Amino acid sequence: MASMMMPVPATAADFSSLFSFLPIGAYRSSPDGRMLRANPALVRLNGYDSEAEQLAKVHNIGSEWYVDPGRRLEFQQRLERDGFVMGFVSEIWRHKTRERIWISENAHIVRDAEGHPLYYEGTVEDITERVREQEALRRSEEQFRLITTQVPGMVFVVHVSPGGQREFRYVSPGVRDIYGFGPDDLMRDASLVARFRHPDELAQLEQDLIEVHRGRPELGGEVRVVMPDGQVKWVLRRSCTVSADASGQLRVGLLLDITDRKQAEAALRENEALWKLALESAGDGVWDWNLQTGEEFFSSRIKAMFGYAEDDIGNFADELDQRTHPDDMAQMQADRQAHFEGRTPIYRNEHRVRCKDGSWKWVLSRGMVIARDDAGQPLRMVGTHTDVTELKQAEAQQRALETQLRESQKMEAIGTLAGGVAHDFNNLLAAILGNLALAREDVGAEHPAQESLGEISRAAIRARQLVQQILAFSRRQTQALQHQPLTPLVQEALGLLRSLLPAGVRLDTRLSAAVLPVLADATQIQQVLMNLCTNAWQALDGRAGDITVVLREVSLDAVQALQLGAVSAGTYACLSVADNGPGMDTETQRRIFEPFFTTKAPGTGTGLGLAVVHGIVKAHRGAIAVHSEPGAGTRFDVYLPLAAGTPVATPAAEPSPPAPVPETVGRHVLYIDDYEALVFLVGRLLRKQGYRASTFTSGEAALDWLRTHPGEPVDLVVTDQNMPGLSGVEVAREILRLRPGQRIAIVTGHVSDQLLAEAAEAGVQEVLGKQDSMDALGEAIRQLLES
């Protein structure tokens, strides 16, 4: 990178936007090793809190960043040679913490018009886990090799093609003890073992091959092999399929010389069932229970599973029964009894056992009665314990995630339903308020009905405010940031809050007398205060207590701003809500703004209140901090940046003559909306104001009229966006095909970026939010015609 920034095709804004949204590290660096830019992900990777801090600390990437400084030179050589590098893996230091990690870099050179390097641009991905996994795999393979060298017998990996051809891909040194030749001999010539087969075993081996082709995953048994000197050996074989594709199956297995065991087997007939189970079981620990005496042998693995030394636990069944979780005892005893009585072929139960350190582990216990008396009563039972704690934790986590997903989907469905209902209700209120305004004008100011009509108007306006709250809940309300003083907004919300507080909760307010101008959405700021105060009195849990609301002006220096997060130093309005409730521990504070996290009892909270507060504050370019200790109450501080300038009251002026009313007589307005009552109302309003009005309840009807009246001039078309059949944008597109240059405005209850883009693409420049009143609609139409 050159020592100064040179113009490049992408703008600085483009570069900053790219940096901000990349989930991995990204940078610009100079060829001499200085870091020029670093996105938030790279800043975090290096252990810093801000880009400025990192740029100030990093002076030479080659010597300060790479564990092997020579990697920087190799990196530059590749860039100079190819113009780019891909997947350049290096070990580096986290610059601030000096922790060693592995990264993968992609980069290219940006050159000036003469081809001289300006700087390097690249991305950095933390692949430490991947490198560790690869190293772990290598160590695991090496350990596997070392282990198999110690296993008596032959461990093998073989590929079996669909035609039956075998290729041994790994053979342990134990093959020499059985057959007398080495691993390399068998991997070169897979037919070697076939030469040692006992004639009586050929049919069984052929059947096994058929079973493999049929997809049988596991094979086992005992077979004989004949050595060149005529000696017969018994071999225990086990194999299973670990993967299969069109090329065949990959199987792993074990051949174990059991000649000595077979020779001694006659003396061990009485223990045949136990021996067979011990060989075929794959549990983590083995137990052998004498049901007559209560003695139970626990293998060392079982004791180690729970953290006990060999002498910590006696060899009696009660030793583990006493450490079994009380909630699991009844089912464990029921499963045992079912097996004792012959109702289940094997005993199987999952239960928790208390470990030496006091923690609990889930175990899967499986066993079988291998000896009974003449009356059928069980005498001896053997089995295994398998640690399934991680599996249980994974199942619990999955259930929790499923519950959270259902809750999220429920809230989304409620929001969608609420938004739809509110939209329709808004249309009804528009018709009510519009006709009400016309009715009050029709009857005259002195008519006795004016008082009742006024009450109807106030009730309808309150209903409209309720609709706005529902739209805010469903996130269909457009955020309207306005320059306004904060104190009146807080006072208005507190006025409503006082009537909601439960008995015994006192509200103390200390509000600044200063103007405190902010750029804010009034409804959302009041929602922040209501949510925080509601959270405060709910924290009191029915007890008497105090809630204190303070509004003041504060100045944040660079250090304080950095501690609060992504805000700048400067002057802020600080809104604090404090309670003297039970407070929170550190872990709760860490998660307090997570969606769906709540400390309330199940069914009494959604866990969204503080998450919504956090989102609103961030959208206002502010910050929020929480201060709490167990037993010492909680205080939330909301920081909103003060807006430049202070609203100044305009001094009273001499009355001036009214502005001339624009000429409306004869101006032709075509209005389209699927709500019939609203169409009737708007038509009446427009005609009363002197317009010529043509109204339609569908886009299709309006288009038919325009086609049959090609010479009829239309000064303005106003159409609703959300209608059955053609939408507002689709209607506008068809009208402009019929009448290029026709002035069109689209009205919608939710102005979104997508709608603005679609309207602009169709040739419509005017997209308006639905007006609160008919007067507002008339004024909007007048302004459109004027402009």
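Residues numbered from 1 in each chain as written. Predicted model: local features only at pLDDT ≥ 70, side-chain atom pairs only at ≥ 80, totals over all residues. Heavy atoms only, no water.

## Some words on the overall build of the protein chain
Part 1: Per the secondary structure count, the protein chain includes 26 helices and 27 strands.
Part 2: Within the span of the protein chain, comprising 787 residues, buried residues form 39% of the whole.
Part 3: Sequence separation of 24 or more characterises 58% of the internal contacts of the protein chain that already satisfy a separation of 6 or more.
Part 4: If you sum the accessible surface of the protein chain, you get close to 43,100 Å²; carbon and sulfur atoms cover 53% of it. (Helix = DSSP H or I, 4+ residues; strand = E, 2+ residues; numbered from the N terminus. Buried < 20%, exposed > 50% of the residue type's maximum accessible area, 1.4 Å probe, protein only. Contact = heavy atoms within 4.5 Å. Areas by Shrake-Rupley, 256 points an atom, 1.4 Å probe, with all protein chains shown as cover.)

## Quick look at the nonpolar core
Part 1: Counting residues in hydrophobic clusters, the biggest one holds 37 residues, and the most contacted among them are Leu486, Leu529 and Val549.
Part 2: Counting residues per element, this core draws most heavily on helix α18 (residues 522-539), which supplies seven residues.
Part 3: Those residues in contact with Leu486, other than ones at most four positions away along the chain, are Val515, Leu516, Val518, Ile525, Leu551, Ala573 and Leu640. (Core = buried A, V, L, I, M, F, W, Y, C linked by side-chain atoms within 4.5 Å.)

## Let's talk about the confidence of the model for the protein chain
Part 1: Scored by pLDDT, the protein chain has a mean of 81; 84% of the residues are at 70 or more.
Part 2: pLDDT under 50 marks residues 1-8. Its contacts with residues more than four places away, or in other chains, come to 25 contacts. (pLDDT = per-residue confidence, 0-100.)

## Comments concerning the packing of aromatic side chains
What characterises a pair of aromatic rings is the spacing of the ring centres plus the angle enclosed by the ring planes.
Part 1: Under the criterion given, the structure shown has nine aromatic pairs.
Part 2: Ring geometry for Trp65 against Tyr66: centres 5.6 Å apart, planes inclined by 70°, an arrangement best described as edge-to-face.
Part 3: With relative accessibility at 1%, the residue Tyr66 sits in the buried group.
Part 4: With centroids separated by 5.9 Å and ring planes inclined at 70°, the aromatic side chains of Phe156 and Phe168 adopt a geometry described as edge-to-face. (Phe/Tyr/Trp six-rings, centres within 6.5 Å; stacked < 30°, edge-to-face > 60°.)

## Some words on the sheet that holds strand β2 (residues 35-38)
Part 1: The strand order across the open sheet formed by five strands is β2-β1-β5-β4-β3, and the pairing between neighbours is antiparallel. What marks the edges here is a single partner per strand, and that holds for β2 and β3 (84-93). Ignoring strand direction, the axes of neighbouring strands in this sheet form an average angle of 30°.
Part 2: In this sheet, strand β4 (residues 100-111) lies alongside β3 in antiparallel orientation, the contact comprising eight bridges. Following the sheet pairing, Trp93 is matched in β4 by Arg100.
Part 3: Most of the contacts of helix α5 (residues 70-82) go to β3, to which it runs at about 175°, and overall it touches β1 (25-29), β3, β4 and β5 (117-126). (Pairing = 2+ DSSP bridges. Axes fitted to C-alpha atoms, helices over the stretch in contact; angles between N-to-C directions.)

## A few points about the pattern of salt bridges
Two side chains of opposite charge can pair, provided their charged atoms sit close to one another.
Part 1: The full count for this structure, using the stated rule, is 41 salt bridges.
Part 2: The partner of Arg635 in a salt bridge is Asp637, and the shortest N-O contact between them spans 2.9 Å.
Part 3: Overall, Asp637 belongs to the buried group, its relative accessible area being 1%.
Part 4: A single salt-bridge network, built from bridges that share partners, covers Arg71, Glu74 and Arg78. (Salt bridge = Lys/Arg side-chain N within 4 Å of Asp/Glu carboxyl O.)

## Some remarks on empty space enclosed by the protein
Part 1: As enumerated under the stated definition, the model contains three cavities of 30 Å³ or more in all.
Part 2: Here the largest cavity is characterised by a volume of approximately 480 Å³.
Part 3: Taken together, 26 residues line the largest cavity, and the ones lying closest to its centre are Phe156, Arg166, Leu205, Arg237 and Leu255.
Part 4: When residues of the lining of the largest cavity are traced back to their parent elements, those giving at least two are β6 (154-160), β7 (166-171), α9 (202-213), β8 (218-226), β9 (232-245) and β10 (248-257). (1 Å grid on protein atoms, 1.4 Å probe; cavity = no way out; pocket = protein on both sides within 12 Å on 5 of 7 lines; lining within 4 Å. Points joined across faces, edges and corners; volume = space filled by probe spheres on them.)

## Overview of helix α24 (residues 728-738)
Part 1: Taken together, the buried positions of α24 are occupied by Gly728, Val729, Val731, Ala732, Ile735 and Leu736. Burial along α24 is one-sided: seen end-on, the buried residues are contained in an arc of 155°.
Part 2: For α24, the secondary structure elements touched by its buried residues are β23 (668-672), α23 (699-708), β25 (716-720), β26 (744-748) and α25 (753-762). (Arc of directions from axis to C-beta.)

## Considering a negative patch on the surface
Part 1: Together, Glu700, Glu730, Glu758 and Glu761 make up a negatively charged patch on the protein surface.
Part 2: Mapping Glu730 onto the fold places it in helix α24.
Part 3: A relative accessible area of 34% places Glu730 in the partly exposed class. (Patch = residues over 30% accessible without salt bridge, like charges linked within 9 Å, V, L, I, M, F, W, Y side chains within 5 Å. Lys, Arg positive; Asp, Glu negative; His and termini not counted. Charge placed at Lys NZ, Arg CZ, Asp CG, Glu CD.)

## Quick notes on the pairing of strand β21 (residues 623-628)
For a regular strand, side-chain orientation follows a simple rule: the groups alternate between the two sheet faces.
Part 1: By the criterion of burial, β21 is predominantly enclosed, with five of the six residues buried.
Part 2: Two strands pair when backbone bridges link them, and β21 and strand β22 (residues 634-641) are joined in this way by six bridges, in the antiparallel orientation. Bridge pairing in β22 links His627 to Arg635.
Part 3: Hairpin remark: β21 followed by β22, antiparallel, with five residues in the connecting loop; positive phi at Gly631, about 85°.

## So, α25
Part 1: Every buried residue of α25 is accounted for by Leu755, Ala759 and Ala762. An end-on view of α25 places all buried positions within 60° of arc, on one side of the element. Of the exposed residues in α25, the ones pointing more than 90 degrees away from its buried face are Asp753, Gln754 and Glu761.
Part 2: Here the buried face of α25 lies against α24, β26 and β27 (766-769).

## Remarks on the side chain of Glu121
Part 1: Inspection of the secondary structure puts Glu121 in strand β5.
Part 2: At 2.9 Å, the side chain of Glu121 and the side chain of Arg28 are in polar contact. (Polar contact = N/O pair within 3.5 Å; in protein donor to acceptor, adjacent residues only side chain to side chain.)

## Re the packing of helix α17 (residues 486-498) against α18
Part 1: Following both chains from N to C, one finds α17 and α18 inclined at 50°, their axes separated by 9 Å at the closest point. On the basis of the axis angle, α17 is oblique to α18. Between α17 and α18 the crossing geometry is right-handed. Taking contact as the criterion, the partners of Leu486, Leu489, Val490, Glu492, Ala493, Leu494, Leu496 and Leu497 in α17 are, on α18, Ala522, Ile525, Gln526, Leu529, Met530 and Cys533.
Part 2: Taken together, the residues that form the contact of α17 with α18 break down as twelve nonpolar, one polar and one charged. (Parallel < 35°, antiparallel > 145°, perpendicular 65-115°, else oblique. Left-handed = near helix turned anticlockwise from the far one by under 90°. Nonpolar A, V, L, I, M, F, W, Y, C, P; charged D, E, K, R; others polar.)

## Details of the environment of Arg687
Part 1: Topologically, Arg687 is positioned in helix α22 (residues 676-688).
Part 2: Looking at Arg687, the relative accessible area reads 46%, which means it is partly exposed.
Part 3: Considered as a pair, Arg687 and Gly666 are 21 residues apart in the sequence and their alpha carbons are 9.7 Å apart.
Part 4: Every residue in contact with Arg687, bar those within four places of it in the chain, is listed here: Ala693 and Thr695.

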